[in-house]
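The primary structure of each chain is shown beneath.
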Amino acid sequence: MRVKDLPMRERPRERLMASGATALADRELLAVLLGSGFRGASAMDLAAQVIAHCGDLDGLARSEPHRLLAVPGVGPAKAARVAAAFHLVRRAQTDPERTKISSTSDLATVVAPLLRGHSRERLVVLACDVRGAVLRRVVLTEGGSDHTTVPIRDIITAVLTAGGAAFGIAHNHPSGSLDPSEADLLATARLAEAAKTVGLQFLDHLIVTETAWRRVPF
């Protein structure tokens, strides 16, 4: 069956967008990356054939593009796309020197690229190990032009899942104002208390605009 013949809620790309990549099987993730199948085979059929050709997912991750060309339906574009994706993962995993957070300025430098240039408010969570090395940097929520949620439980869960010992958060103000709202102040105080409860170090909560940043006091 072709992917486009599946109900919308069962299609890999739509499921990834709705539920996240962890909800998809290996062949479904690869099908999203391949983008399409070929005559008589869906993208998921092709993905299964590619994985089988390489032996397993680990074999696929280590395969050079020309090896993938041996699978019917895989042309240079698909082979290059798959090889590039796995190579990016290897680069991320083997980066010899992670960014370290030793000051509020360091935190601002790391989170700002995820916040500037956006017309909606978004919340970024940054998790660090005990030495301040960045373990994870993620956009956790995105709201309207003048607000976004600060889900305390989700933030703490994200940090613990990353194996973090310390964390900071930041959100942008598309309006350009650096003044924290009452909701910002309340959420920061609640987050600091929640962090203490589970033994995490809460570094800072920043407001970021296009040209500046400011700490939210707690």
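The structure we're discussing is the one just above.
Cut-offs used in this document
Residues numbered from 1 in each chain as written. Predicted model: local features only at pLDDT ≥ 70, side-chain atom pairs only at ≥ 80, totals over all residues. Heavy atoms only, no water. Phe/Tyr/Trp six-rings, centres within 6.5 Å; stacked < 30°, edge-to-face > 60°. Helix = DSSP H or I, 4+ residues; strand = E, 2+ residues; numbered from the N terminus. Buried < 20%, exposed > 50% of the residue type's maximum accessible area, 1.4 Å probe, protein only. Pairing = 2+ DSSP bridges. Axes fitted to C-alpha atoms, helices over the stretch in contact; angles between N-to-C directions. Contact = heavy atoms within 4.5 Å.

Looking at this structure, I do not really get the packing of aromatic side chains. What am I missing?
Two numbers describe a pair of aromatic rings. These are the distance of the centres and the angle of the planes. This structure, assessed with the given rule, holds 2 aromatic pairs. With a centroid separation of 4.8 Å and 35 degrees between ring planes, the pair formed by Phe 202 and Phe 218 is classed as tilted. Of this pair, Phe 202 sits in strand E4 (residues 201–208) while Phe 218 sits in the segment after strand E5 (213–215), and the two are 16 residues apart along the sequence. An aromatic cluster of at least three residues, connected via ring pairs, comprises Phe 167, Phe 202 and Phe 218.

What's the story with the environment of Glu 64 in this structure? I'm lost.
By the secondary structure assignment, Glu 64 is in the loop between helix H4 (57–61) and helix H5 (65–68). Classification of Glu 64 as partly exposed rests on a relative accessible area of 48%. Taking the C-alpha atoms as reference points, Glu 64 and Val 82, separated by 18 residues in sequence, lie 9.4 Å from one another.

I'm lost on the sheet that holds strand E1 (residues 122–128) in this one. Help?
Sheet strands pair by backbone hydrogen bonding; their relative direction is either parallel or antiparallel. An order of E2-E1-E3-E4-E5 is seen for the 5 strands of this open sheet, with the pairing classed as mixed. The two strands at the open ends of the sheet, each matched to only one other strand, are strand E2 (134–142) and E5. In this sheet, neighbouring strand axes are inclined to one another by 20 degrees on average, regardless of whether the strands run parallel or antiparallel. Sheet strands touched by helix H8 (residues 152–161): E1, E2 and strand E3 (166–172). Its angle to E3, the strand with the most contacts, is close to 130 degrees.

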